[in-house]
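# Structure at a glance
Read off the chains here:
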Amino acid sequence: MTATRMSIPITKPFIGAEELAAVQRPLETGWLVQGPYVKEFEDKFGRFIGADHAAATTSCTTALHLAVAALGLRPGDEVIVPAFTWIATANVVEYMGARPVFVDIDLATFNLDVAGLEAAITPRTVGIIPVHLFGLAADMDPILDIARSRDLWVVEDAACGFGAWYGGRHVGSIGDLGCFSFHPRKSITTGEGGMVTSARADLIETIRSLRDHGASRSDLQRHTQSSSFLLADYDLLGYNFRMTDMQGALGSAQMDRAAWILGERRRCAAAYDQLLGGVDWLALPVTPTGSIHGYQSYVCLFRPETPDLGSVDRLHEWRNRVMAALEAEGIATRQGTHAAFMQGYYESKYGIPPSRLPAAFLADRLSISLPMYPGMTDDELDYVATAVRAAVDA
Ligand SMILES: Cc1ncc(COP(=O)(O)O)c(C=O)c1O
């Protein structure tokens with residue numbers, strides 16, 4: 001390829017001097033867990049996405065777990081989840097003894113295919129967890145219409161959804177609850193970390209209690225109110241899903257540069273759109289009218305021919321050879337995410353054949369995520385695009 005070989009990771013969190021200084025502050029004050037810096041992060045985050053309430057947690061998985069627990073999910077209940085999503089979306093339903101019902105996706109957007117939603121609803125269905133995969137909002141209007149008409153709750157899995165808007169609303173402010181991830185693969189990071197957002201004060205109050213062992217008031221409240229010597233009451237069976245203040249301070253510093261980070265991701269995506277526009281074996285990410293893509297990842301579909309269940313194994317091998325060729329050029333790629341229902345636990349418990357959820361299966365086998373991070377240079381973008389163009393021939 002080119003003379004100078006580059007080394008391009010799949011992503012790189014942007015950590016500047018402000019973040020380095022921020023994580024030290026709680027260490028200096030001595031308040032290390034779920035204190036003032038977690039509150040500061042929650043306030044900034046809630047304001048940014050337009051949610052009245054935001055409660056920080058240890059990850060998006062624990063955020064989702066708290067969400068379904070607060071909504072009273074019970075053994076025997078059913079919850080609709082997309083078939084192509086990170087396994088955590090389904091796992092939190094299993095944690096409660098309930099059953100995830102997998103619905104296929106739209107291969108163009110990688111998000112829940114609303115056409116399959118009605119048919120998946122049974123008398124046991126209590127809720128829907130649409131996922132805003134890779135930073136693109138799921139089609140929330142029809143999902144909410146169906147949910148309202150059937151009296152179902154909606155928890156948005158916005159793990160990848162920071163910077164994603166749908167009809168003028170930021171994701172996570174649309175359903176009953178929204179859940180975000182701050183893992184380093186996400187647009188802003190606290191190392192591990194998560195957030196639950198909502199307009200519903202009642203649910204957030206329960207979530208704040210559940211994340212802290214079921215306490216009736218937090219340590220921060222206790223220490224700023226009278227009778228701080230008395231412990232809280234514990235009326236709920238809670239968990240320890242408390243974020244540390246070092247993470248809160250880091251998240252707060254990341255929020256101060258959130259607009260720039262999201263702008264950088266959009267710049268990278270626009271460059272790829274332009275540089276790879278004519279590559280007919282690769283379907284690039286789409287953004288439906290009315291949405292703004294957050295580009296947590298830039299995920300394409302490997303499609304040298306129209307894929308189907310007959311050709312997928314051959315195309316999968318071919319895609320892997322393309323990814324290996326890119327790796328040989330120093331370029332990291334990944335499959336977009338996985339088809340959760342095909343992972344061992346779900347395979348052995350429910351045994352759903354891939355032919356029942358074909359689009360999720362194809363996405364699992366044929367998606368390619370390209371490198372993207374704030375500060376990625378034009379030369380790096382060009383290097384990746386040139387290698388991608390060359391890869392199929394190789
Ligand atoms: C769609 C989706 N949901 C949930 C999660 C879990 O997030 P976390 O790693 O913060 O627990 C992820 C993580 O990648 C995800 O992609």
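Our structure's up above, just so we're on the same page.
Now for a look at the structure at hand. Quick caveat, the model's predicted, so the values are computed rather than measured.

Reading the values: rules and limits
Residues numbered from 1 in each chain as written. Predicted model: local features only at pLDDT ≥ 70, side-chain atom pairs only at ≥ 80, totals over all residues. Heavy atoms only, no water. Helix = DSSP H or I, 4+ residues; strand = E, 2+ residues; numbered from the N terminus. Polar contact = N/O pair within 3.5 Å; in protein donor to acceptor, adjacent residues only side chain to side chain. Contact = heavy atoms within 4.5 Å. Buried < 20%, exposed > 50% of the residue type's maximum accessible area, 1.4 Å probe, protein only. Near = heavy atom within 4 Å. Areas by Shrake-Rupley, 256 points an atom, 1.4 Å probe, with all protein chains shown as cover. Nonpolar A, V, L, I, M, F, W, Y, C, P; charged D, E, K, R; others polar. Salt bridge = Lys/Arg side-chain N within 4 Å of Asp/Glu carboxyl O. Phe/Tyr/Trp six-rings, centres within 6.5 Å; stacked < 30°, edge-to-face > 60°. Patch = residues over 30% accessible without salt bridge, like charges linked within 9 Å, V, L, I, M, F, W, Y side chains within 5 Å. Pairing = 2+ DSSP bridges.

Moving on: the side chain of His316. Its place among the elements puts His316 in helix H11 (residues 312–328). From its side chain, His316 meets the backbone oxygen of Arg365 in a polar contact 2.8 Å long. Those residues within four positions of His316 in sequence are excluded, and the remaining contacts are Arg365 and Leu366.

Right, let's get into unusual backbone geometry. What is expected of a backbone is that most residues other than glycine have negative phi and most peptide bonds are trans. Not every positive phi belongs to a glycine, and Phe110 is a case in point at roughly 65°. Topologically, Phe110 is positioned in the loop between strand E3 (99–103) and helix H5 (117–120). Classification of Phe110 by relative accessible area gives buried; the value is 5%.

The environment of the ligand is made up of 14 residues, and the closest members are Cys60, Thr61, Asp157, Ser181 and Lys186. Interatomic distance of 2.9 Å between a backbone N/O atom of Cys60 and an oxygen atom of the ligand. The contact in question runs from an oxygen atom of the ligand to an N or O atom on the side chain of Ser181, over 2.7 Å. Contact with the protein chains hides 89% of the accessible area of the ligand, taken as 390 Å² for the molecule alone. When contributions to the shell around the ligand are tallied by element, the ones reaching two or more residues are helix H3 (60–70) and helix H4 (88–95). Residues that form the shell around the ligand fall into these classes: six nonpolar, six polar and two charged.

Okay, the pattern of salt bridges next. Evaluated as defined, the whole model comprises 18 salt bridges. Here Arg200 ties to Asp176 by a salt bridge, and the two come within 3.4 Å at their closest N and O atoms. One end of the pair, Arg200, is in the loop between strand E9 (194–198) and helix H7 (201–210); the other, Asp176, is in the loop between strand E7 (169–170) and strand E8 (177–181), and 24 residues separate them in sequence. Across the pair Arg267 and Asp378 runs a salt bridge whose closest N-O atoms are separated by 3.5 Å. Here Asp378 lies in helix H14 (residues 378–391) and Arg267 lies in helix H10 (residues 258–275), a separation of 111 residues in the sequence. A relative accessible area of 29% places Arg267 in the partly exposed class. Exposure remark for Asp378: the relative accessible area of 57% places this residue in the exposed category. Through salt bridges with shared partners, a single ionic network connects Glu18, Glu19 and Arg257.

Attention now moves to the packing of aromatic side chains. Counted under the stated rule, the structure contains 20 aromatic pairs. Consider the rings of Phe45 and Phe162, whose centres lie 5.6 Å apart with planes at 25°: the pair is stacked. Placement of Phe45 in helix H2 (residues 36–49) and of Phe162 in the loop between strand E5 (153–158) and strand E6 (165–166) is noted, with a sequence separation of 117 residues between them. Taking relative accessible area as the criterion, Phe45 reaches 0% and is therefore assigned buried. Since its relative accessible area comes to 4%, Phe162 is described here as buried. Measuring from ring centre to ring centre gives 6.2 Å for Tyr295 and Tyr298, while their planes differ by 25°; the resulting arrangement is stacked.

A cluster of nonpolar side chains, contributed by Leu27, Leu32 and Val33, occupies part of the molecular surface with about 240 Å² of accessible area. Residue position: Leu32 is located in the loop between helix H1 (17–29) and H2. We classify Leu32 as partly exposed; its relative accessible area is 34%.

As a further point, take the sheet that holds E6. In any sheet, the strands associate via hydrogen bonds between backbone groups, in a parallel or an antiparallel arrangement. Taken in spatial order, the three strands of this open sheet run E7-E6-E11, and their pairing is antiparallel. The sheet is open, and its two borders are formed by E7 and strand E11 (291–292), each paired with just one other strand. The pairing of E6 with E7 spans two bridges and is antiparallel. Directly across from Tyr166, in E7, lies its bridge partner Arg169.

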